[in-house]
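# A look at the structure
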Amino acid sequence: MRCLLCPDLLFDHVEELTAAYLKEKQVTLLLCDLDNTLALHETVRPTDAVRAWVKELTEAGIQVMIVSNNRSPARVEAYCGDLGIPYVGHAGKPKRGRLLEAMRQFDAVPETTALVGDQIFTDVAGANWSGIKSILVDPIEPERGVLFGLKRLLEGPFLRAYRKKCARKGENP
């Protein structure tokens, strides 16, 4: 049985997800969180590293789309416009509705779709609840504040469960 809050895969940064690796995992649509996954919260334009990463994936035939809970459509639209990729804003993750809508835009199925993000309670839970692969990356920058600290503390047991699962399977967490 799948744990709703345990990621399928764990990486330090999105750039570690190469086209070859995603193709090996049979991913043809990669849904990406924006804030603290691809960019800092106030960033309007993608970095050269993110541009190169998206270009590598799209040239390899992997469709990329941003699915963000961000409530600033102008910023998300500008960021995605620079990358030449579509987006779904106000996604309401972990709810499934907007994730399924994103997949419908590409006629994608859960078996060939993955979502990468930096939060267990929104990104991982939303992906798992939608039946798609969940990929957790470290946040670009630690969030400040008591609520973010508490959230990260609560994520700890699920990260430990992931690492334990990988150790049992002989995989490298």
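Residues numbered from 1 in each chain as written. Predicted model: local features only at pLDDT ≥ 70, side-chain atom pairs only at ≥ 80, totals over all residues. Heavy atoms only, no water.

### Focus on the overall build of the chain
Rule in force here: A run of H or I in DSSP becomes a helix once it reaches four residues, and a run of E becomes a strand once it reaches two; helices and strands are each numbered from the N terminus. For a compact globule the rule gives 2.2 Å times the number of residues to the power 0.38, and the radius of gyration it is set against comes from C-alpha atoms. Three exposure classes are used, based on accessible area relative to the maximum for each residue type with a 1.4 Å probe and protein chains only: buried under 20%, partly exposed in between, and exposed over 50%. For this analysis, residues touch if any pair of their heavy atoms sits within 4.5 Å. Areas reported as accessible are Shrake-Rupley estimates using a 1.4 Å probe. Residue values count occlusion only from the protein chains shown. Charged-residue counts in this description rest on Lys and Arg as positive and Asp and Glu as negative, His and the chain ends being excluded. We put the charge of a Lys on NZ, of an Arg on CZ, of an Asp on CG and of a Glu on CD.
Looking only at helices and strands, the chain has 6 helices and 6 strands in total. In the chain, the succession of α and β elements from N to C terminus is β-α-β-α-β-α-β-α-β-α-β-α. What you see for the chain is a C-alpha radius of gyration of 15 Å, in line with the 16 Å of a compact globule of 173 residues. Looking at the 173 residues of the chain, the share that counts as buried comes to 44%. In the chain, once contacts between residues fewer than 6 apart in sequence are set aside, the share between residues at least 24 apart is 67%. Only carbon and sulfur atoms are counted for the fraction: they give 57% of the accessible area of the chain, which is about 8,900 Å². Within the chain, one finds 23 positive and 23 negative side-chain charges whose respective centroids are separated by 6 Å.

### Side note on the packing of aromatic side chains
The test is simple: Pairing of aromatic side chains requires ring centres within 6.5 Å, counting the rings of Phe and Tyr and the six-membered ring of Trp. Pairs whose planes differ by under 30 degrees are stacked, by over 60 edge-to-face, and all others tilted.
Within this structure, the stated rule accounts for 1 aromatic pair. Ring geometry for Phe-11 versus Tyr-21: centroids 5.4 Å apart, planes at 80°, classification edge-to-face. With a gap of 10 residues between them, Phe-11 in strand S1 (residues 9-11) and Tyr-21 in helix H1 (residues 19-24) connect regions that are remote in the sequence. Under the relative-accessibility criterion, Phe-11 is labelled buried at 14%.

### Some thoughts on the pattern of salt bridges
Quick reminder of the rule: Should a side-chain nitrogen of Lys or Arg be within 4 Å of a carboxyl oxygen of Asp or Glu, the pair is scored as a salt bridge.
This model, assessed by the stated rule, comprises 7 salt bridges. Note that Lys-93 is salt-bridged to Asp-33, the shortest N-O span being 2.9 Å. Separated by 60 residues along the polypeptide, Lys-93 in the loop between strand S4 (87-88) and helix H4 (97-105) and Asp-33 in the loop between strand S2 (29-32) and helix H2 (48-59) bring together distant segments of the chain. We classify Lys-93 as buried; its relative accessible area is 4%. The salt bridge partner of Arg-51 is Asp-82, with a shortest N-O separation of 3.5 Å.

Honestly, that's just the spatial picture; any functional story needs more than this.
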